[in-house]
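Secondary and tertiary structure notes
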Amino acid sequence: MSHHEKVLIIDFGSQVTQLIARRVRECGVYCEIHPFTKAAEAIKSVAPNAVILSGSPHSVVEAGPTLDKALFDMGLPVFGICYGEQLMCDLLGGKVESGHDREFGRAEIEIAADTPLFRGLGKPGDKEIVWMSHGDRVTAIPDGFKVIAVSEGAPFAAIADEARRFYAVQFHPEVVHTVRGTQMIRNFLFEIAGLKGDWTMAAFRQEMIEKIRAQVGSGRVICGLSGGVDSSVAAVLIHEAIGEHGGLALLRADPARGLRAPAVDFDVVTLRRQVVPARARVRVRAVEAQLRGRDHGDGLSAARGPNARPEVPHVAVELDDANVGEDDLLLEAVQVGQLEADGDRV
């Protein structure tokens, strides 16, 4: 992804951080979410063109999650959302206080200045419907900042240091309740950060397929599938990348879901689990099409999938008990054909 413009979203634990990423991607900009605990490493690895600070259920006043203020010396445009605004002010010399009336739900802000963040939305004095969710609030802004919007419960509803391209809002522009929040995010990306929007999901899909092929080469892949969105997408991408020539073992923890990737034919293997001391680990080194249709006994059985094609060496491995922790799992399939478990972790 090195040739795309990138936005780094630093996550402080908000329930809607994924919505920030969704809005950014809808604008045609590639982004990644990284936790605040890995912010320094993420800045180096992602090399972002802009940074967004998420909200959080925590309190800046009560020593909530933070980050190295060196971020603000890197020349990057930064957009703080809710907790992100409070943290920005706290780190740069402003003041945040608790004990004020909590503000939650629909609110009106009044645009207080002509600013790129609200371009296309209105002029000073105009109102916008937003969604608030905060207990603490900013009571003094850092030097170099100005107020660009106010609300009844938040005198610093939106602030900006336009020279350094630092912007922050007390509300949540990423949620649908902020009626024109997506336009605000778009303004940050294009009007403030100067991005062009050079990314699409279709391009990402093809790039990931090519990346997987290059990384796997002639090797084989073990893919852990929980049934959730992330692992399901990963499984489909891996299949599209190497499905016609590589070996893909798909480890699945919940066979009751009956999950199947579209147009993918998998044989199904069920493995017996046993609780063992923590740190017991398993490595499945290879899975061959020879396993299909065989009964191996001892809690290990194989059943041919309804659409399995013998010429395709893919086996989906189902773990028959999803209630055992990852570090307490031992697959008792020591050797069945080319399937081995030798004490290392999947």
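These remarks concern the structure in this document. (Residues numbered from 1 in each chain as written. Predicted model: local features only at pLDDT ≥ 70, side-chain atom pairs only at ≥ 80, totals over all residues. Heavy atoms only, no water.)

Let us now look at the packing of helix α1 (residues 17–26) against helix α4 (residues 181–192). For the pair α1 and α4, interaxial distance at closest approach is 10 Å and the crossing angle is 65 degrees. By the criterion of interaxial angle, the relationship of α1 to α4 is roughly perpendicular. Crossing of α1 over α4 shows right-handed handedness. Contacts between α1 and α4 involve Arg-23, Val-24 and Glu-26 on the former and, on the latter, Thr-182, Ile-185, Arg-186 and Leu-189. (Axes fitted to C-alpha atoms, helices over the stretch in contact; angles between N-to-C directions. Helix = DSSP H or I, 4+ residues; strand = E, 2+ residues; numbered from the N terminus. Parallel < 35°, antiparallel > 145°, perpendicular 65-115°, else oblique. Left-handed = near helix turned anticlockwise from the far one by under 90°. Contact = heavy atoms within 4.5 Å.)

Time to look at the pairing of strand β10 (residues 158–161). Burial along β10 is two-sided: the residues Ala-158 and Ala-160 and Ile-159 and Asp-161 are all buried. Bridge count for strand β9 (residues 146–151) against β10 is 3 bridges, and the pairing is antiparallel. Counterpart to Lys-146 in the pairing with β10 is Ala-160. Judged from the 4 bridges that link them, β10 and strand β11 (residues 166–169) form a sheet pairing that is antiparallel. Bridging across to β11, Asp-161 finds its partner in Phe-166. Hairpin connection of β10 to β11: 4 residues between the antiparallel strands, including Arg-165 at a positive phi of 60 degrees. (Buried < 20%, exposed > 50% of the residue type's maximum accessible area, 1.4 Å probe, protein only. Pairing = 2+ DSSP bridges.)

A few words on the sheet that holds strand β2 (residues 30–35). Strands belonging to one sheet form pairs held by backbone hydrogen bonds; the direction of such a pair is parallel or antiparallel. The mixed open sheet is built from 9 strands, whose spatial order is β2-β1-β3-β4-β11-β10-β9-β6-β7. Of all the strands in the sheet, the pair left with one neighbour each is β2 and β7 (127–134). Direction aside, neighbouring strands of the sheet carry axes that sit 20 degrees apart on average. Relative to β9, strand β6 (residues 103–111) is paired through 3 bridges, and the arrangement is antiparallel. Within β9, the position partnered with Ile-111 by the bridge is Ala-149. Across the sheet, helix α3 (residues 83–92) lies against β3 (50–53), β4 (78–81), β7, β10 and β11, angled at about 120 degrees from β4, the strand it touches most.

The axes of two packed helices give the description: the angle between them and the distance between them. Contact geometry for helix α5 (residues 201–216) and helix α6 (residues 229–242): axes closest at 9 Å, N-to-C directions at 65 degrees. Note that α5 runs across α6; the crossing there is right-handed. Here α5 contributes Arg-205, Met-208, Ile-209, Ile-212, Arg-213 and Val-216 to the contact with α6, which in turn contributes Leu-237, Ile-238, Glu-240, Ala-241 and Ile-242. Its residues assigned to classes, the contact of α5 with α6 comprises 8 nonpolar, no polar and 3 charged. (Nonpolar A, V, L, I, M, F, W, Y, C, P; charged D, E, K, R; others polar.)

Moving on: the environment of Ile-159. Relative to the helices and strands, Ile-159 is located in strand β10. Overall, Ile-159 belongs to the buried group, its relative accessible area being 0%. Distance in space between the C-alpha atoms of Ile-159 and Ala-112 is 9.7 Å, their sequence separation being 47 residues.

Before going further, it helps to examine helix α2 (residues 39–46). In an α-helix, one turn spans 3.6 residues; hence positions three or four apart end up facing the same way. Those residues of α2 lying buried are Ala-39, Ala-42, Ile-43 and Val-46. Within α2, the buried residues cover an arc of 100 degrees as seen down the axis, which keeps them to one side. The outward face of α2, more than 90 degrees from its buried face, is lined by the exposed residues Lys-44 and Ser-45. One or two residues past the end of α2 sits Ala-47, with phi positive at roughly 50 degrees. (Arc of directions from axis to C-beta.)

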